[in-house]
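Topology and contacts: notes
Here is what each chain is made of, one letter per residue.
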Amino acid sequence: MSNPTANSPGEAKKASPFINSLGMPFVPVPHFETLFCIWPTRVQDYTAFAPEKGLEVPSQTPASGSDHPVVNIIWKEASDFCEWLTERERAAGKLPDGLVYRLPSDLEWSAAVGLPAEEGARPDQRSGQLDGYPWGTQWPPPKDAGNYSQELGIDSFEFTSPVGSFAANAFGIFDLGGNVWEWCLDYHDRANECRVLRGASWFNGYSDRMKSSFRNDLGYPTSRFTSFGFRVVLGVPAKR
């Protein structure tokens with residue numbers, strides 16, 4: 001990145017992100033103290049983690065490279081990556097006390113994508129209630145709005161694309177629409193069976209699923225798909 005960088009998480013801004021030892025840049029989002037990685041976790045990030053935990057990097061999409069979002073990751077593996085990253089950065093003296101790397105909450109993700117206040121106590125009650133997409137209000141989406149289904153004809157990637165291939169949003173965050181579904185901390189509904197997934201993917205082309213407010217209700221924690229990835233945030237530990 002050519003922009004200046006922050007020396008600590010507390011100094012992070014859109015124009016000067018905090019960058020950790022893996023080269024993951026973090027910027028603030030509205031309404032929360034939490035910092036968001038500006039793109040989904042990449043293959044190269046996960047490759048640094050997997051061998052230390054005795055894991056193999058799962059199979060990726062055709063033509064995927066080190067700068068593509070890692071896919072085929074179940075919810076626990078995403079959470080374990082965050083715990084490993086916390087321990088690694090803390091041991092190196094690069095993480096202030098009280099902060100951890102983790103998955104975003106559902107409402108933090110909404111803030112990052114630019115949604116206003118949403119009604120509903122649970123993700124399933126909020127899902128799809130607000131209109132609008134990561135690129136704006138128009139349908140169909142404009143050219144290069146993101147990496148979505150090839151049926152829409154708006155991008156040239158058949159599967160995943162390198163992170164940051166499309167324009168960032170107002171907060172300097174990339175790929176909040178398309179590329180991969182992103183695991184969140186929350187359960188989708190009161191059954192506590194599925195975790196929330198946000199953002200749609202390279203596979204999706206229907207308008208309802210591409211809404212910024214849509215929550216995927218098929219996120220069984222052991223689900224492993226080439227359209228599922230995750231994004232890391234930096235903040236205080238989440239309340240359980």
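Note: the structure precedes this text.
Residues numbered from 1 in each chain as written. Predicted model: local features only at pLDDT ≥ 70, side-chain atom pairs only at ≥ 80, totals over all residues. Heavy atoms only, no water.

1. Here's the deal with unusual backbone geometry
Here the residue pair Trp-139 and Pro-140 is connected by a cis peptide bond, since its omega of 0° sits within 30 degrees of zero. Take Pro-140: it is sitting in the loop between helix H4 (123-126) and strand S5 (181-187). For Asp-175, which is not glycine, the phi torsion reads 65° and is therefore positive. Assignment of secondary structure puts Asp-175 in the loop between H4 and S5. (Helix = DSSP H or I, 4+ residues; strand = E, 2+ residues; numbered from the N terminus.)

2. Quick look at the nonpolar core
Ranked by size, the top nonpolar core spans 55 residues in total, and within it Phe-26, Phe-81, Tyr-101, Phe-230 and Val-232 carry the most contacts. The element that contributes the greatest number of residues to this core is helix H2 (residues 75-91), accounting for six residues. With residues near it in sequence (within four places) discarded, Phe-81 still touches Leu-22, Met-24, Thr-41, Asp-45, Tyr-46, Phe-49, Phe-230 and Val-232. (Core = buried A, V, L, I, M, F, W, Y, C linked by side-chain atoms within 4.5 Å. Buried < 20%, exposed > 50% of the residue type's maximum accessible area, 1.4 Å probe, protein only. Contact = heavy atoms within 4.5 Å.)

3. Points about the sheet that holds strand S1 (residues 18-19)
The strand order across the open sheet formed by five strands is S1-S2-S3-S9-S4, and the pairing between neighbours is antiparallel. Edge positions in the sheet fall to S1 and strand S4 (100-102), since each has one partner strand and no second. As defined by bridge partners, S1 adjoins strand S2 (residues 25-28) across two bridges and the pair is classed as antiparallel. Bridging across to S2, Phe-18 finds its partner in Phe-26. (Pairing = 2+ DSSP bridges.)

4. Brief notes about the side chain of Asn-72
Considering the arrangement of structural elements, one finds Asn-72 in the loop between helix H1 (43-49) and H2. A polar contact is formed between the side chain of Asn-72 and the backbone oxygen of Ser-59, at a distance of 2.8 Å. Those residues in contact with Asn-72, other than ones at most four positions away along the chain, are Pro-58, Ser-59, Glu-77, Arg-224, Phe-225, Thr-226 and Phe-228. (Polar contact = N/O pair within 3.5 Å; in protein donor to acceptor, adjacent residues only side chain to side chain.)

5. A closer look at the sheet that holds S5
In space, the four strands of this open sheet follow the order S7-S6-S5-S8, with mixed pairing throughout. This sheet does not close on itself; its edge strands, each paired only once, are strand S7 (215-216) and strand S8 (228-230). Running over the sheet, H2 touches S5, strand S6 (195-198) and S8 and is turned about 85° from S5. (Axes fitted to C-alpha atoms, helices over the stretch in contact; angles between N-to-C directions.)

6. Some details on the environment of Asn-204
Here Asn-204 shows up in the loop between S6 and helix H5 (207-210). Dropping the residues within four chain positions of it, Asn-204 is found in contact with Tyr-148, Ser-149, Leu-152, Trp-181, Arg-209 and Met-210. In this structure the side chain of Asn-204 is engaged in a polar contact, spanning 3.0 Å, whose partner is the side chain of Trp-181. For Asn-204, the side chain forms a polar contact with the side chain of Ser-201, separated by 2.9 Å.

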